[in-house]
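Residue-level structural notes
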Amino acid sequence: MDIIFSPDQLAHHAAAEFNRGKLGPSFEHPGRAETILAAVAASEGGNVSPPEDFGIGPILAVHDRDYVEFLRGVWDRWQAAGRPGDAMPLAWPQPELMRVRPRSIDGELGLYCADIGTPITAGTWRAAYASAQVALTAARRVHEGARYCFGLCRPPGHHAGKQMYMGYSFLNNAAIAAEWLIASGHRRITVLDVDYHHGNGTQAIFYDRADVQYVSLHADPEDAFPFFLGRADETGTGAGADTNLNLPLPEGTDWQAYSAALDTALDAIRAFGPSVVVLSLGVDTFEEDPISRFRFKAQDFVTLGRQLASLDLPMPVIMEGGYAVAALGANVASVLKGLQQGA
Ligand SMILES: [Zn+2]
């Protein structure tokens, strides 16, 4: 399987993040991509290529222009304001406040940022832009006939909305790939999200769309990030009614229970009838993941790949989360191996 990756993706490096009230090293760091790259390059015979540059157009097909301009320029403005650390908001426009753009950079950050775990650094835009190009290149490889292609996206994307960043995500790589596939002539695309966390950004982007189905298995948002989206009764709206399927699962879910839910997901995808499935692949379902609570064992990732292959559909594989760094590369390589072994 071809692997797409750019060294520019290492340029985003948060100094720290708040977790459980404590400032510590960021779980999402460049070493994640390096370990995945080493493992998948070894297991897939070293077919690593850099992304093509699709420009800003396919990004603007998903994200609002003001948000993209903000992301592109915020670091320079933060620097010009003389701030010593990574860029973080100071306040957020909750419903009792007004959603207006203040002059202050601290306030403007709160307009677009939704959590305290996603700082912006000197290389954030460069890395996020490259990550989106990786997703687009993987989508194009599949569009041009490849059965699978691995887009080693980092930073991840599935929490990013049209004008919102959170959960280590700035640009929604999977959504950008799906939208590009629609623009390239595909009539129906599914985004299947198997990351531990609900892909709230992807859901929101396509919630009213009849041509893009979003299907997600994830930790119940009653207990887990992103908390405010991902419940089973969120099924789509307007033209997109019944094109959104959330399968929230309890903490402690093991492969056996997950696999049964995945069968439900795959049946829904077959009923929708897409020509391509964009896979949002997170391996933070692993039992040793430091921020997640499912119980996948290492060998379950091969089985996951095989079960996904039973869809018998072309699939750009877009990397999302996974934070147990020692096992991260091997677990991703296992999914790719299972996909190619087939059902
Ligand atoms: Zn995740």
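Here is a short report on the structure shown in this document. For every chain, the first residue of its written sequence is number 1, and the numbers climb from 1 along that sequence. Only residues with pLDDT of 70 or above have their local features reported here, since the model is predicted, and side-chain atom pairs are shown and tallied only from 80 upward, although totals for entire chains, interfaces and linings are computed over all residues. As a convention, hydrogens and water are excluded, and side-chain values are obtained from all of the structure's heavy atoms.

1. Some points on the coordination of the zinc ion
Only nitrogen, oxygen and sulfur atoms qualify as donors, and only when within 2.8 Å of the metal (3.2 Å in the case of Na, K and Ca); with water excluded, sites may look incomplete. Each protein donor to the zinc ion is listed here as Asp195 (OD), His197 (ND1) and Asp284 (OD); together their distances run 2.0 to 2.1 Å. In terms of primary sequence, the donors binding the zinc ion are separated according to D-x1-H-x86-D. With a gap of 89 residues between them, Asp195 in the loop between β6 (189-193) and α7 (200-206) and Asp284 in the loop between β9 (276-281) and α9 (300-309) connect regions that are remote in the sequence. The burial state of Asp195 is the same as that of Asp284; both residues are buried. Starting at the N terminus, helices and strands are each numbered in turn, a helix being any DSSP run of H or I of at least four residues and a strand any DSSP run of E of at least two. Note on classification: 1.4 Å probe, protein chains only; a residue is buried when its accessible area is under 20% of the maximum for its type, exposed when over 50%, partly exposed between these limits.

2. Focus: the packing of helix α8 (residues 255-272) against α9
Note on geometry: axes are lines fitted to C-alpha atoms, helical ones only across the stretch in contact, with angles between N-to-C directions running from 0 to 180 degrees. Between α8 and α9, whose axes approach to 11 Å, the crossing angle comes to 15°. Here α9 runs roughly parallel to α8, going by the angle between their axes. Crossing of α8 against α9: the hand is right-handed. On α9, the residues that touch Trp255, Tyr258, Ser259, Leu262, Asp263 and Leu266 of α8 are Asp300, Thr303, Leu304, Gln307 and Leu308. Amino acid classes used here: Ala, Val, Leu, Ile, Met, Phe, Trp, Tyr, Cys and Pro are nonpolar; Asp, Glu, Lys and Arg are charged; the rest, including Gly, are polar. Its residues assigned to classes, the contact of α8 with α9 shows six nonpolar, three polar and two charged. Roughly parallel here means an angle under 35 degrees, roughly antiparallel means over 145, roughly perpendicular means 65 to 115, and every remaining angle is called oblique. The hand of a helix crossing depends on one turn: near helix anticlockwise from the far one by less than a right angle means left-handed, and clockwise means right-handed. Contacts: residue pairs with any heavy atoms within 4.5 Å of one another.

3. Side note on the sheet that holds strand β8 (residues 244-249)
Should DSSP find at least two bridges between two strands, the strands are taken to pair. If you walk across this open sheet you meet the eight strands as β4-β1-β5-β10-β9-β6-β7-β8, and the pairing is parallel. The open sheet has two edge strands, β4 (48-49) and β8, and neither has a second partner.

4. Considerations on the packing of aromatic side chains
For Phe, Tyr and Trp, where Trp contributes only its six-membered ring, two rings pair if their centres lie within 6.5 Å, and the inter-plane angle classes them as stacked under 30 degrees, edge-to-face over 60, or tilted in between. What the rule picks out here adds up to 16 aromatic pairs. Among the aromatic residues, those joined into a cluster by ring pairs are Tyr196, Trp255, Tyr258, Phe286, Phe294, Phe296 and Phe301. Look at NZ for Lys and CZ for Arg. If either is within 6 Å of the ring centre and within 35 degrees of the ring normal, a charge sits over the ring. Its guanidinium or amino end placed over the ring of Phe272, Arg188 lies 4.4 Å from that ring's centre, counting from NZ or CZ.

5. A word on the side chain of His63
As for its placement among the helices and strands, His63 is situated in the loop between α2 (57-60) and α3 (65-80). For His63, a relative accessible area of 2% translates into the label buried. There is a polar contact of 3.5 Å between the side chain of His63 and the backbone oxygen of Lys162. Beyond its immediate stretch of four places on either side in the chain, His63 contacts Val68, Ala160, Gly161, Lys162, Phe170, Leu171, Asn172 and Ile176. In protein, a polar contact requires one atom able to donate a hydrogen and another able to accept it; more generally it is a pair of N or O atoms within 3.5 Å, and residues adjacent in sequence count only if both atoms are side-chain atoms.

6. Quick word on α9
Counting buried residues in α9 gives eight out of 10 residues, a clear majority hidden from the surface. Looking at the buried side of α9, the elements it contacts are β5 (148-151), β6, α8, β9, β10 (315-319) and α10 (325-341).

7. What about the packing of helix α1 (residues 30-43) against α10?
Look at α1 against α10: their axes get within 8 Å of each other, and the N-to-C directions meet at 40°. The angle between α1 and α10 places the two elements in the oblique class. Considering the relative orientation of α1 and α10, their crossing is right-handed. Across the interface between the two elements, Arg32, Thr35, Ile36, Ala39, Val40 and Ser43 of α1 pack against Val325, Leu328, Gly329, Ala330, Val332, Ala333 and Leu336 of α10. Among the residues making up the contact of α1 with α10, the classes are represented as nine nonpolar, three polar and one charged.

8. Here's the deal with a nonpolar patch on the surface
To count toward a patch, a residue needs a relative accessible area above 30% and no salt bridge. Like charges then connect within 9 Å, nonpolar side chains (Val, Leu, Ile, Met, Phe, Trp, Tyr) within 5 Å. Surface exposure here means Shrake-Rupley accessible area, sampled with a 1.4 Å probe, where a residue is shielded only by the protein chains that are shown. For this analysis, a salt bridge means a side-chain nitrogen from Lys or Arg found within 4 Å of a carboxyl oxygen belonging to Asp or Glu. On the surface, Phe18, Leu23 and Ile116 cluster together to form a nonpolar patch covering roughly 290 Å² of accessible area. Residue Leu23 is classed as exposed on the basis of its relative accessible area, which comes to 55%.

9. Considering the environment of Val40
Within the secondary structure, Val40 sits in helix α1. Accessibility expressed as a relative area gives 0% for Val40, which makes it buried. Other than its neighbours up to four places away in sequence, Val40 contacts Ile3, Phe150, Val332, Ala333 and Leu336.

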